[in-house]
Structures are given as C-alpha cells and as structure tokens.
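# What the coordinates show
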Amino acid sequence: MRDVAIIGVGHTKFGELWERSFRELISEAGLGAIEDSNIGGADLEAMFVGNMSSGLFVEQEHIAALISDSMGLNPIPCTRVEAACASGGLALRQGIMAVASGYHDVVVSAGVEKMTDVVDATPAIATASDQEWEAQQGATFPSLYAMIARRHMHEYGTTREQLAMMSVVNHKNAANNPYAQFPFETTVEKVINSSPVADPLTLLDCSPVSDGAAAVVICAADKAKEFTDTPIYVKASAQASGTMALHSRRDICTIDSTIAASRKAYKMAGVTVKDIDATEVHDCFSINGLLAIEDLGFAEKGKGGIALEEGQTMIDGDFPINPSGGLKARGHPLGATGIAQAAEIVWQLRGEAGKRQVEGAEIGMTHNIGGTGGTAAVHIFGRDRN
Ligand code: COA
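This is a predicted model, so every value here is computed, not measured.

### A word on the pairing of strand β1 (residues 4–11)
Of all the 8 residues making up β1, 8 are buried; the element is thus mostly covered by neighbouring parts of the structure. Bridge count for β1 against strand β7 (residues 211–220) is 7 bridges, and the pairing is antiparallel. Of the residues in β7, the one forming a bridge with Val4 is Ala220. Both β1 and strand β8 (residues 232–241) contribute to a ladder of 2 bridges, which runs antiparallel. Each residue of the ladder has a partner; that of Ala5, found in β8, is Tyr233.

### Side note on the pairing of strand β11 (residues 375–382)
Across the 8 residues of β11, 8 count as buried, placing the element largely inside the fold. Burial of the side chains of β11 extends over both faces: Thr375, Ala377, His379 and Phe381 are buried on one face and Ala376, Val378, Ile380 and Gly382 on the other. Direction of pairing for β8 relative to β11: antiparallel, over a ladder of 8 bridges. When the sheet's bridge partners are listed, Gln239 is paired in β11 with Ala377. Pairing analysis gives 8 bridges linking strand β10 (residues 363–370) to β11, with the strands arranged antiparallel. Bridging from a neighbouring strand, Ile363 pairs with Gly382 of β11. Count of turn residues in the β10/β11 antiparallel hairpin: 4 residues, of which Gly371 carries a positive phi of about 60°.

### A short note on the environment of Val168
The topology assignment puts Val168 in helix α7 (residues 160–174). Classification of Val168 as buried rests on a relative accessible area of 15%. For the pair Val168 and Leu308, spaced 140 residues apart in the sequence, the C-alpha separation amounts to 9.7 Å.

### Quick word on the site of the ligand
In the vicinity of the ligand there are 15 residues, among which Phe182, Cys206, Ser207, Pro208 and Lys328 approach most closely. With respect to the ligand, the backbone of Pro208 contributes an N or O atom lying 3.5 Å from a nitrogen atom. In the environment of the ligand, a nitrogen atom lies 2.9 Å from a nitrogen or oxygen atom belonging to the side chain of Lys328. Protein chains shield 59% of the accessible area of the ligand, which is 920 Å² for the free molecule. Of the residues assigned to the shell around the ligand, the class counts are 12 nonpolar, 2 polar and 1 charged.

### Quick look at unusual backbone geometry
Residue Pro75 follows Asn74 across a cis peptide bond; omega there is 10°. Residue placement: Pro75 occurs in the loop between α3 (63–70) and β3 (78–81). A positive phi angle is found at His62, which is not glycine, with a value near 55°.

### Some remarks on the side chain of Gln357
Structurally, the position occupied by Gln357 is in the loop between α14 (337–350) and β10. Once you skip the residues sitting within four places of it in the chain, Gln357 turns out to touch Ile315, Trp347, Gln348, Gly351 and Glu352.

### Concerning the side chain of Thr372
Here Thr372 is to be found in the loop between β10 and β11. Taking the relative accessible area as the measure of exposure, Thr372 reaches 3% and is therefore buried. Among the polar contacts made by the side chain of Thr372, one reaches the main-chain carbonyl oxygen of Met244 at a distance of 3.5 Å. With sequence-adjacent residues up to four places away left out, Thr372 is seen in contact with Phe141, Leu144, Tyr145, Met244, Leu246, Arg249 and Ile255.

### Focus: the nonpolar core
The biggest cluster of nonpolar side chains holds 65 residues, and the ones touching the most others in it are Tyr145, Ile287, Phe298 and Ile380. Contact partners of Tyr145, with chain neighbours within four places excluded, come to Leu201, Cys284, Phe285, Ile287, Asn288, Ile369, Gly371 and Thr372.

### Focus on the environment of Ala135
With respect to the secondary-structure elements, Ala135 resides in the loop between α5 (122–126) and α6 (141–156). Given the relative accessible area of 18%, Ala135 is considered buried. For the pair Ala135 and Gly302, spaced 167 residues apart in the sequence, the C-alpha separation amounts to 28 Å. With residues near it in sequence (within four places) discarded, Ala135 still touches Ala126, Ser129 and Asp130.

### A word on the sheet that holds β1
Sheet architecture is open: 9 strands sit in the order β3-β2-β4-β7-β1-β8-β11-β10-β9, paired in mixed fashion. Two strands bound the open sheet, and with one partner strand each, they are β3 and β9 (278–280). Here the average twist between neighbouring strands, direction ignored, is 25°. Where strand β4 (residues 106–114) meets β7, 9 bridges bridge the pair, whose relative direction is antiparallel. The partner of Val106 across the bridge, within β7, is Cys219.

### Observations regarding helix α4 (residues 87–100)
Here α4 contains 14 residues, and its C-alpha end-to-end distance of 20 Å stays within 8% of the 20 Å for a straight helix at 1.5 Å per residue. Summarising burial for α4: 12 of the 14 residues are buried, a large majority. Residues of α4 that are buried: Ser87, Gly88, Gly89, Leu90, Ala91, Leu92, Arg93, Gly95, Ile96, Ala98, Val99 and Ala100.

Cut-off values and rules
Residues numbered from 1 in each chain as written. Predicted model: local features only at pLDDT ≥ 70, side-chain atom pairs only at ≥ 80, totals over all residues. Heavy atoms only, no water. Buried < 20%, exposed > 50% of the residue type's maximum accessible area, 1.4 Å probe, protein only. Helix = DSSP H or I, 4+ residues; strand = E, 2+ residues; numbered from the N terminus. Pairing = 2+ DSSP bridges. Near = heavy atom within 4 Å. Polar contact = N/O pair within 3.5 Å; in protein donor to acceptor, adjacent residues only side chain to side chain. Areas by Shrake-Rupley, 256 points an atom, 1.4 Å probe, with all protein chains shown as cover. Nonpolar A, V, L, I, M, F, W, Y, C, P; charged D, E, K, R; others polar. Contact = heavy atoms within 4.5 Å. Core = buried A, V, L, I, M, F, W, Y, C linked by side-chain atoms within 4.5 Å. Axes fitted to C-alpha atoms, helices over the stretch in contact; angles between N-to-C directions. Expected span 1.5 Å × (residues − 1).

Next comes the structure, spelled out in structure tokens:
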C-alpha cells in the first residue's frame, strides 16, 4: 500500500440553513477543498460522498450523480457511502483505500446531510437503530443513549455534573470555531437545567439536528508536495463493526467497535494513545463522548467522568478532545461529521486552528461511529510522513 496524504479541506457553516440547498452545500465544501488543495480539475479522479439519508431528509436519491453533475465533475466516478452517522468516516476510508491501493492518485472524500427540511428528524434518524428491536418499540437515539448514561452512572458512580462537563468543554471550543452551529459557551448548571430530552439527558447534552457539508482532497503522498507545502499524512485508517441493538451487548457501557477500530489504528500507525495530541470524538450525546474517552484508551473504563471533571480533555489538558466543538456544538449533519472531524484535525496539524489551536499538535485522531456503535471508524493523521 502507498502512503497517502490530505492536501485540501472544505467546510460549510453548520446549522439550520434554510437558504441553502443540499447541492449548494456539498458543492461549496467540495469545491472549497479542491481550491484549498491547488489541484486542477483535471487531476481529480474520483469522489466518495458520505450521506445517511437524503431520501428521508430531502427526498432525493441517486445523490452521487447529482453531486458530480452539480460540481461540474462529470464524468469522474462519484460514489455514495452509507453507514448512518459514520457515513463520512467511511467515505474518508474509501478515498484513502482508493489512493493507497494505487487505483487513483487524487480523490475527494466528502460528506453532506440536510436534516432540517423535515418537520421531525427523530424518526428518520431512528432508522439507523435496529428497527425491529429498537425503533419499532418506540426507542429513539436520545432514549437509547439515556439508558447507557443511566447504566454508566449506576455502574461507575458517574455524576450528572461530569456528563455535563463534556458539553461545557465542547461549547467552549465551538465559541472559537467559525463553522460551528452553536458557538456559545455554557456552564454545568445550564446544561443540567436545560429542557429534559430523555432522562438524564437534557437539551444541552444532545447534538443538534444540522445541515452542512465537508470535504477533503486525498492524494498519493509522493505527489502531495506538488500541490501543497503542508500535506497531512494518513497514518492509519481502521473500521470495525459491532452489535446493532443494545440488548444483545455484553455491556452497554462499552462500545466494542470503538475498541476494535482504535486498537487496529494504533498498531497500524505505530503509536499509542499517549502519542495523540488532538482527537475529535463522536459525542452525539454527552455520554457517548465520555464512552469514547474510555474506549479509545484515554481513561480507564468508569473513569471518563473524572477525566472530564479534572479538565484533562480541554485544549490545554492532558489529551485535548473535540477542539472543533464536537458534534454537540459544531453540529452533527450526520453524513458530514466524519469528514468535518478530519478537516479539524488537518487544520490542527497545519497549525491553522486559530484560538482553538492545540499548541504543537503533531498527531491527531478522529473517531466516528454509526448508531450506538454498529460501525466505528478511527483515523490517525500526522504532520510527519514517518
Ligand atoms: N443544543 C443546543 N440548543 C439546541 C439544540 C441542541 N442540541 N437543539 C436545538 N436547540 C435550540 C434551537 O436552536 C432552538 O433555539 P431557539 O428557541 O433560541 O431558536 C431551541 O433549542 C428549540 O429547538 P428545536 O429544534 O425546537 O429543538 P427540539 O426540541 O425539536 O430538538 C433535540 C432538540 C435535542 C431533541 C434534537 O436536537 C435532537 O433530536 N438531537 C439529537 C439528534 C440525533 O439523534 N442525532 C444522531 C445521534 S446518533
């Protein structure tokens, strides 16, 4: 396999974007990434797009062709990738594998979701759970994650305040992210006292319903410096599958797919968790950010809450988590999230993240999951090729 680098990123504002159409969002991100990379249109060989449910959210299928057409990329091959909230992470992985294998030299991996056109996004999102055993019995993602949160509190003594800290840190970072949906700071008290959603989770524990798109240009490492002085190298791309429904898990407080993908990624990159300077985790609900901290190996099982309480995940902490503001505060347009995470790590490793910069970041990681962990994708990136 060849070494691979990211040479360009594009990102729309995330939020409730009534004035922007689906095709406008993906075109802005995709063309933004192409411009940032300095490639010419003729250099681009293929595109992969992560999207969970354009059919349910905007009543449009066959979106890969629509996107290629809208962006003026015909006749290059464009392929849609679906894995619920991990669609972007898997589109990234498809692009990386296409270049690493030698099949293509330069490709775009992107993600897009326009969720706010429907009146109630909850049933559409719930189609990514186990329909027969969960959604059809009335479960939604907020309620599934609320059960995990309750169990974690029961098993490990995790407190409501510790859970809220995940959101407080996310919002603090998002306040410095011009692309974030909710760029305001909050407090533990405000999180706990915000509207109840599914006990113990409140509004400020939840990622929002979002519109947005993001894209990266992926290139063979040997060619990368023809286009940019600051390629960011892909050190590992790993994916794992896990049990869909919570009731058949050995332990609902652990996401086994995160453990499997991250351990494979650390091995592939030749690093340990201690080497990672900045990480974007999949905190669709505060409890899931806490589980990620544990399952990626930053904290022992049951100690994620303590790490949050002690400020270890802050930008200047022992292991900075979600400098972008995470799914909670940057926003979570499902198919775009895995790519937006990679965009943030590229900015961090280039030293271009402004006031949310993790000083001296050299190795970064992204963690993107689908549903409650049926799919996990973990990527590790570095400033240095070796
Ligand atoms: N965080 C902070 N503020 C939020 C928010 C969030 N997650 N979601 C909505 N708001 C704000 C809105 O901006 C709005 O503010 P305004 O009154 O000042 O305009 C207000 O709260 C009400 O917004 P509304 O859209 O009516 O909220 P809602 O009650 O319909 O939805 C949730 C709130 C939390 C239920 C919804 O965002 C949700 O379902 N989130 C989870 C999405 C999900 O499951 N993703 C996949 C994960 S696996």
